[in-house]
Amino acid sequence: MNHPTGLALVTGASTGIGYELAQRCAEDGYDLLIVADEPEIHEAADRIRAKGASVVAAELDLSTEDGVFALLQHIKRPVDLLLANAGRGLGHTFLDQDIPEIRRVIDTNITGTILLVHAIGNHMRRQRGGRILLTGSIAGFMPGSYQAVYNATKAFVDSFSWALRDELKNTGITVTCLMPGPTDTAFFDRAEMLDTDVGQDDGKDDPAEVAKLGYEAMMAGEAGVVTGLSNKVQAALAHVMPKGMLARQHRKMAKPHDE
Ligand SMILES: NC(=O)c1ccc[n+]([C@@H]2O[C@H](COP(=O)([O-])OP(=O)(O)OC[C@H]3O[C@@H](n4cnc5c(N)ncnc54)[C@H](OP(=O)(O)O)[C@@H]3O)[C@@H](O)[C@H]2O)c1
């Protein structure tokens with residue numbers, strides 16, 4: 001199905017899941033506004049443009065209010081799809097993490113996401129329709145020893161998504177939460193988690209497959225999708241296992257080998 005006039009805004013689209021989400025939108029006929037914090041976003045735009053899509057790229061830091069407001073200035077027409085996917089992790093014990101890095105995780109995953117969804121959500125309400133996909137995580141279901149702040153931010157995103165969806169029912173706006181498990185992207189390198197079991201796991205999910213499932217769930221107006229069978233099992237167990245046991249399990253995955 002083609003949507004020749006539709007606009008999709010995808011954040012964190014330079015690499016990984018966000019890049020693949022942007023490709024799915026382009027294949028479906030959407031024009032794209034894609035955003036990330038580093039110059040790679042322009043190379044990502046060139047690659048998607050080469051396949052015939054209309055793409056505008058913005059290099060902006062969405063962990064800051066200025067970055068989010070600058071992004072809003074780029075928007076010249078109604079946004080039909082908002083895929084709020086930009087996010088970053090941070091490994092090691094909480095007390096060993098640097099405060100600026102901690103703030104960057106919170107400000108990217110929560111504050112920047114909220115500011116953007118608030119602005120675009122209000123546009124969508126005025127235009128009486130739209131689709132929002134938030135990239136949460138199965139990490140949001142479990143206390144994340146050795147990645148404590150990140151998991152807590154994803155608990156926020158997962159929860160926020162369900163609440164927003166409920167508030168917006170009957171408005172023509174759908175809200176969907178994409179909840180991947182460990183996925184084979186630059187995430188673990190950027191989070192300084194390569195020296196961990198999860199960082200070195202060869203069985204991570206394919207970001208293209210994760211994005212496909214997220215995109216399809218959004219277009220079907222579903223509430224959420226946990227990608228992959230083992231993640232579905234883990235998510236189901238997380239709802240019944242004691243929090244202390246979940247934290248211990250997470251420690252095994254995320255503790256650096258030299259600690
Ligand atoms: N990989 C996993 O195992 C996994 C599992 C569950 C959920 N997720 C979530 O999936 C989303 C995408 O992650 P990924 O795995 O695809 O990792 P990734 O390849 O590192 O992609 C992260 C994207 O977010 C962008 N980004 C990060 N901070 C930003 C900021 N302050 N402003 C603007 N853009 C920013 C990055 O761009 P720059 O490089 O330009 O900063 C990049 O485009 C994240 O929300 C992550 O939490 C990942």
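Only a predicted model underlies this, so the values are computations on that prediction, with no experimental measurement involved.

Asks: Go over the side chain of H250, please, and point to the residues and values.
Replies: The residue H250 is located in helix α10 (residues 243–254) in this model. H250 sits in the buried class, given a relative accessible area of 5%. The contact partners of H250, leaving out residues within four places of it in the chain, are M142, P143, G144, S145, Q147 and N151.

Asks: Give me the lowdown on the site of the ligand, citing residues and values where you can.
Replies: Around the ligand sit 32 residues, and of these S14, E38, Y150, T185 and R190 come closest. Contact between the ligand and T15: an oxygen atom at 2.8 Å from a side-chain N or O atom of the residue. A distance of 2.8 Å separates an oxygen atom of the ligand from a polar atom in the backbone of I17. In isolation the ligand offers 890 Å² of accessible surface; the protein chains occlude 98% of this area.

Asks: How would you explain unusual backbone geometry if you had to name every residue and give the values?
Replies: Phi at H92 takes a positive value of approximately 80°, unusual for a residue other than glycine. Topologically, H92 is positioned in the loop between β4 (81–84) and α4 (99–127). Classification of H92 as partly exposed rests on a relative accessible area of 23%. A positive phi angle, near 70°, is found at N170, a position not held by glycine. Along the chain, N170 falls in the loop between α5 (148–167) and β6 (173–179).

Asks: Could you give an account of empty space enclosed by the protein, with specific residues and numbers?
Replies: Once rolled over the atoms, a probe with the size of a water molecule shows which space is left empty. If you walk through the whole model with that rule in mind, you get four cavities of 30 Å³ or more. By volume, the largest cavity is sized at about 870 Å³. Taken together, 46 residues make up the lining of the largest cavity; nearest its centre are G87, R88, G89, T185 and F187. Along the lines of polarity and charge, the residues of the lining of the largest cavity split into 18 nonpolar, 20 polar and eight charged. Quantified by volume, the second largest cavity comes out at close to 50 Å³. When residues of the lining of the second largest cavity are assigned to their parent elements, the largest contribution, four residues, is made by α4.

Asks: Give me the lowdown on the state of the cysteines, citing residues and values where you can.
Replies: Scanning the entire structure with this criterion turns up zero disulfides. Among the cysteines around C25, which has no disulfide bond, C177 carries the closest sulfur, lying 16 Å off. Classification of C177 as buried rests on a relative accessible area of 0%.

Asks: Outline the pattern of salt bridges, supporting the account with residue identities and numerical values.
Replies: Counted according to the given criterion, the structure contains eight salt bridges. One salt-bridge network, in which partners are shared between bridges, spans E20, R24 and E27.

Asks: Tell me about the pairing of β4, and name the residues and values.
Replies: Successive residues of a regular strand alternate their side chains across the two faces of the sheet. Neither face of β4 is exposed, since L81 and L83 on one face and L82 and A84 on the opposite face are all buried. Looking at chain direction, strand β1 (residues 7–11) and β4 are connected through three bridges and run parallel. Paired with A8 across the two strands is L81, which belongs to β4. Pairing analysis gives four bridges linking β4 to strand β5 (residues 130–135), with the strands arranged parallel. From the neighbouring strand, L82 faces β5, where its bridge partner is I132. Assessed by its sense of winding, the connection that carries the chain from β4 through α4 to β5 is right-handed.

Cut-off values and rules
- Residues numbered from 1 in each chain as written.
- Predicted model: local features only at pLDDT ≥ 70, side-chain atom pairs only at ≥ 80, totals over all residues.
- Heavy atoms only, no water.
- Helix = DSSP H or I, 4+ residues; strand = E, 2+ residues; numbered from the N terminus.
- Buried < 20%, exposed > 50% of the residue type's maximum accessible area, 1.4 Å probe, protein only.
- Contact = heavy atoms within 4.5 Å.
- Near = heavy atom within 4 Å.
- Polar contact = N/O pair within 3.5 Å; in protein donor to acceptor, adjacent residues only side chain to side chain.
- Areas by Shrake-Rupley, 256 points an atom, 1.4 Å probe, with all protein chains shown as cover.
- 1 Å grid on protein atoms, 1.4 Å probe; cavity = no way out; pocket = protein on both sides within 12 Å on 5 of 7 lines; lining within 4 Å.
- Points joined across faces, edges and corners; volume = space filled by probe spheres on them.
- Nonpolar A, V, L, I, M, F, W, Y, C, P; charged D, E, K, R; others polar.
- Disulfide = S-S within 2.5 Å.
- Salt bridge = Lys/Arg side-chain N within 4 Å of Asp/Glu carboxyl O.
- Pairing = 2+ DSSP bridges.
- Right-handed = clockwise from strand over helix to strand, strands pointing away.

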